[in-house]
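# Examining the three-dimensional arrangement
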There are 2 protein chains.
Amino acid sequence: MHLPKGFRFSGVSCAIKTRPNTRDVSLVVLDESGVAAGVYTTNQIVAAPVVLSRSRTPSDSIRALVVNSGNANACTGTRGMNDAIAMTELVASQIGCRPEHVLIMSTGVIGRFLPMEKIRSGIVQASQVLAATETGFLDAVDGIMTTDAFRKTACLEMHCNQSDPIRIAGMAKGAGMIGPNMATLLGIIVTDAWLDPHSAQSLLKRVADHSFNCISVEGHTSTNDSLVLLCSGMASHRKPLDARDFDKFEESLTSLCIDLAKQIPDDGEGATHLIEIAITGAQSDADAHAIARNVALSNLVKTAITGGDPNWGRIVSAAGYAGVPIEPSHTHLQINGIKLFEFGEPIPFEASQVSQSIKSQKLTRIELQVGQGTGGAMHWTSDLNTEYVRFNSEYTT
Amino acid sequence: MHLPKGFRFSGVSCAIKTRPNTRDVSLVVLDESGVAAGVYTTNQIVAAPVVLSRSRTPSDSIRALVVNSGNANACTGTRGMNDAIAMTELVASQIGCRPEHVLIMSTGVIGRFLPMEKIRSGIVQASQVLAATETGFLDAVDGIMTTDAFRKTACLEMHCNQSDPIRIAGMAKGAGMIGPNMATLLGIIVTDAWLDPHSAQSLLKRVADHSFNCISVEGHTSTNDSLVLLCSGMASHRKPLDARDFDKFEESLTSLCIDLAKQIPDDGEGATHLIEIAITGAQSDADAHAIARNVALSNLVKTAITGGDPNWGRIVSAAGYAGVPIEPSHTHLQINGIKLFEFGEPIPFEASQVSQSIKSQKLTRIELQVGQGTGGAMHWTSDLNTEYVRFNSEYTT
C-alpha cells in the first residue's frame, strides 16, 4: 500500500465500544496544514461532529481529523456539541495547532452522551502512536468501524505532467443505516495532490454523487454521514493540478470512491448478495437515479434476490412507483444477463437457470431499461437476509 | 353480520392457487344496477384489471364485480387485457348484463398469464351459488385472499333521517406488497345508501386518503391495488342522502375503512407488532404524512420494534430525512406513552420498561412531535420479522 506523502495515522482502543481491545479512536494528521473538503448527511437531525466539521470545510488550513466509533454523539443537544468541540481542542493541544483546524467524525449509537474521560485518554494515546505507515493507516481504519465485518480501503497512484506521482488512499466504514444520501458512512480520502479549497469541495460533491450517493443498505439516511477529502500537496510542493491533471484526478478519485462505496453494501448487515442495479432509458439521469433507488429499497426485491427467486414482477413494479415517468411498453429487464421481460411483456425463461445464476455468485446484476430516453444510473445495494433482521432487532439491547 | 340490502356474494375454488380447495374466484352482484366508485394504484405499471375497472368508474350502472386471486394479471400485455375483458364478458353473460357494467380485480403473482379455462369454470360456478348471506359474503372474502393469515372484514349500521338504517360492509385483502399508496390491497365496500357517482368518487378518494393510504407493510406500491365502493340504494329507494346524512355517512365510511385498513399491517407477513405512528407539530398534514411514512418504512425502526429495542434514535433520525422541514429543537418522542426525547435532547428512561411495554403487546404506539406546526397524520405499519424475509425469499419458487 503506497500511502500519499504528508500524513500520519493511528487508531487506538479506549473502551467506548464494549468489546475489549477494539479500536475506537482514530487520528489522521497532516504534517503541514492542508486543504480539506467535506460532504455530509442531508438528514435534518444532524450529529454535533457533523455540524462542527461542516462549518470548517472547505478550508486550506486543516491539520487533523479525529474520529470515534461506538457512539454517534447525535441527538445529544448542547452537551453533545460541547463534547465535540472539546475533542477537537484536545487534538489541537496534542499536535500543536488551532482547534478550528481539526475536523471530527463520530459513528455508533444515537442519543447517548460521549464517555469523555475515555475519549480524552484515547486521543492522548492516539497522538503518541501516529505513523506514516500502512500499519498506522489500518489501525485508523479499525478505529472507525462499527458493525463492519471487514475493512474498507482503496488506494491508487496516478501519473502526472507537473508533479511526482499522485497517490490517493481511502478508508470507509458502514454496513447498516445506509441510505443513498451518504448513509452512516464515514469516508476519509487522503491525497498528496494540491487543489484549491473550492475546487476540492465541488469536486468531492460530484464524486460523491457518482459513488457514495449511489449505494444503500436499507435506505435509512443517518445523522452522521461524513465524507472528507484531505490534500497534503506534498507531491507537487503545493502547486495546484493543471486542467488536464485535474480531470485525470477527478476520474481517479471517482473510480476509487466507487470501489470504496461498493464495499459497503457488499458488507451490508447479514447480506449474502451485492445487488448492482443499472437503469437505462429514463428521461434524465436524475430520473434514472430515482428509479434505481426505488428498486434498491424494495424489501420485496431484496428478499427475492436473497432467495434466488426470479420474481421479476417485483423489480418492474418497483420502477413504476418511483415518482418519475417510465414507458411500460418500452420496459426491458435482464437479471445476470438473462432476459425476462421485453416491451412490457413477459418472455419465457427457465426459472431454475435464473435462480441458479443468482445463488451461485455474490453479485446479482439487474439491468432495467425503462423507456427510450438517454438517462442512466447505477446503484449498489445489499439483499435482505434474516441475519439483518436478527442483528437489527438487538442492536442496543 | 347485517349485510346491506341488494347484494349477493359468492366465492369458489377453481384451482388458480396451488393449495387445494382454496377459494380463488369471488363475485359480488347487485340485484339492480348501482353506483360504483373506485380508487386505484398510483404505480405506472398497472395490471389489466385495474385499467379496465378504472375506465368503468365512477358509474351509476354497475351490476357486478369479479375478483380472482392467485394471479395478478399484471405485466401481461395485450393478452392480459383480452383475458380481463373476457372475464367481465363471461360474468355479464352469466348474470344478464352488459360487460362494461362489470368491474374486475386480480391479485397474486405478477407476470403470468391467467389460466383462463380454470377461471371460466370458476366464474360459472360462482354465478350459481350467489347468496345474500353472511356465508356468501365470507366465501367471497376467502376468494380474494392471497398471503393473508386472517379474513379482513368490517360492517356497521347507521341511522338516518330520510331512509331505513343504512348498512355498510367491507372486505379487504393484503399482507405484503403494501405501500402507502393503495398497496396490493383489494378493498370492496358495499352499502345500501345511494350517492350520485361523482360524489361517491370524491368521497371514496377522501376516505382512502385517511385509511388505505395511511398503511404500509414494506412500502412496495403494487400494480393491482383497487378499492371499490358499490351502492345499491336499497335503503332509500335510490333517494340520495341529504347533506347531514351524507356527512354522517362519510364519517361512518371513514371509520369502517380505517378499521379495515389497520387489519392489513396487523396481518403483515410475519409481523409480530402493529405499529401506530402519530405525527404532530408538522408544518402541514401533508408534511406529517411524509414523515409518518418515512418512519414507517425504515427497516431499522421496524426491526427495533421487533426486538423490543428502545433504539429511539432510529425513529427521530427517520423523521429527519423525509424531505420536509422539521424543528429538531422542538422534537419530542414517546413510545407507548413513555417519554424518551424532549426538545431535541435525550431524557433518562428505564430501557427495560420500554422494552417490556413493546414486548408485552401487539400494538406499539409511536408519538412524535416534530415542531410547533399544526400538521398531523396517522400511519399504521408492521414490524419486520425474520419470517417476512423467509416468506418473501421463497414466494414464487
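Quantities reported herein were computed from a predicted structural model and do not represent experimental measurements. (Residues numbered from 1 in each chain as written. Chains lettered and ligands numbered in written order. Predicted model: local features only at pLDDT ≥ 70, side-chain atom pairs only at ≥ 80, totals over all residues. Heavy atoms only, no water.)

Residue and element names in this part refer to chain B. The contact between helix 7 (residues 285-297) and helix 9 (residues 313-320) brings their axes to 8 Å, and the two run at 135 degrees. Here helix 7 lies oblique to helix 9, going by the angle between them. At the point where helix 7 passes helix 9, the crossing takes the right-handed sense. Counted together, Ile 291, Asn 294 and Val 295 of helix 7 and Ile 315, Ala 318 and Ala 319 of helix 9 form the full contact between these two elements. Counted by class, the contact of helix 7 with helix 9 contains 5 nonpolar, 1 polar and no charged residues. (Axes fitted to C-alpha atoms, helices over the stretch in contact; angles between N-to-C directions. Helix = DSSP H or I, 4+ residues; strand = E, 2+ residues; numbered from the N terminus. Parallel < 35°, antiparallel > 145°, perpendicular 65-115°, else oblique. Left-handed = near helix turned anticlockwise from the far one by under 90°. Contact = heavy atoms within 4.5 Å. Nonpolar A, V, L, I, M, F, W, Y, C, P; charged D, E, K, R; others polar.)

What follows is about helix 2 (residues 77-95) of chain A. Residue and element names in this part refer to chain A. Compared with the 27 Å implied by 1.5 Å per residue over 19 residues, the 28 Å span of helix 2 between its first and last C-alpha is a close match. Contacts from the buried residues of helix 2 go to strand 2 (25-40), helix 1 (48-56), strand 3 (59-71), strand 4 (102-109) and helix 3 (116-128). Immediately beyond the C-terminal end of helix 2, within one or two residues, lies Gly 96, with a positive phi of roughly 80 degrees. (Expected span 1.5 Å × (residues − 1).)

Another aspect to go through is the relation of the copies chain B and chain A. With an RMSD of 0.0 Å, chain B superimposes on chain A once it is rotated by 180 degrees and translated 0.0 Å along the axis. Between the two chains, the operation in question is that of a two-fold axis. Residue Thr 386 of chain B of chain B places its C-alpha closer to the rotation axis than any other residue of that unit, at 2.4 Å. Here 100% of the contact residues of chain B are again contact residues in chain A; the copies associate through an equivalent surface. (Least-squares fit on C-alpha atoms with pLDDT ≥ 70 in both.)

Bringing the pairing of strand 1 (residues 7-12) of chain B into the picture now. Residue and element names in this part refer to chain B. Taking burial as the measure, the 6 residues of strand 1 include 5 buried ones, the bulk of the element. Sheet analysis places strand 1 next to strand 2 (residues 25-40), joined by 6 bridges and oriented antiparallel. Counted as the bridge partner of Phe 9 is Val 28 from strand 2. (Buried < 20%, exposed > 50% of the residue type's maximum accessible area, 1.4 Å probe, protein only. Pairing = 2+ DSSP bridges.)

All names here are of chain B. Reading across the sheet, the 7 strands line up as 8-15-10-14-11-12-13 and stay open at both edges, with mixed pairing between neighbours. The open sheet has two edge strands with one neighbour each: strand 8 (215-216) and strand 13 (345-346). Summarising the sheet, strand 8 and strand 15 (residues 375-382) pair through 2 bridges and their orientation is parallel. Within strand 15, the position partnered with Ser 216 by the bridge is Thr 381. Contacts between helix 8 (residues 299-306) and the sheet are confined to strand 10 (274-282), strand 14 (363-369) and strand 15, with strand 14 contributing the most and set at about 135 degrees to the helix.

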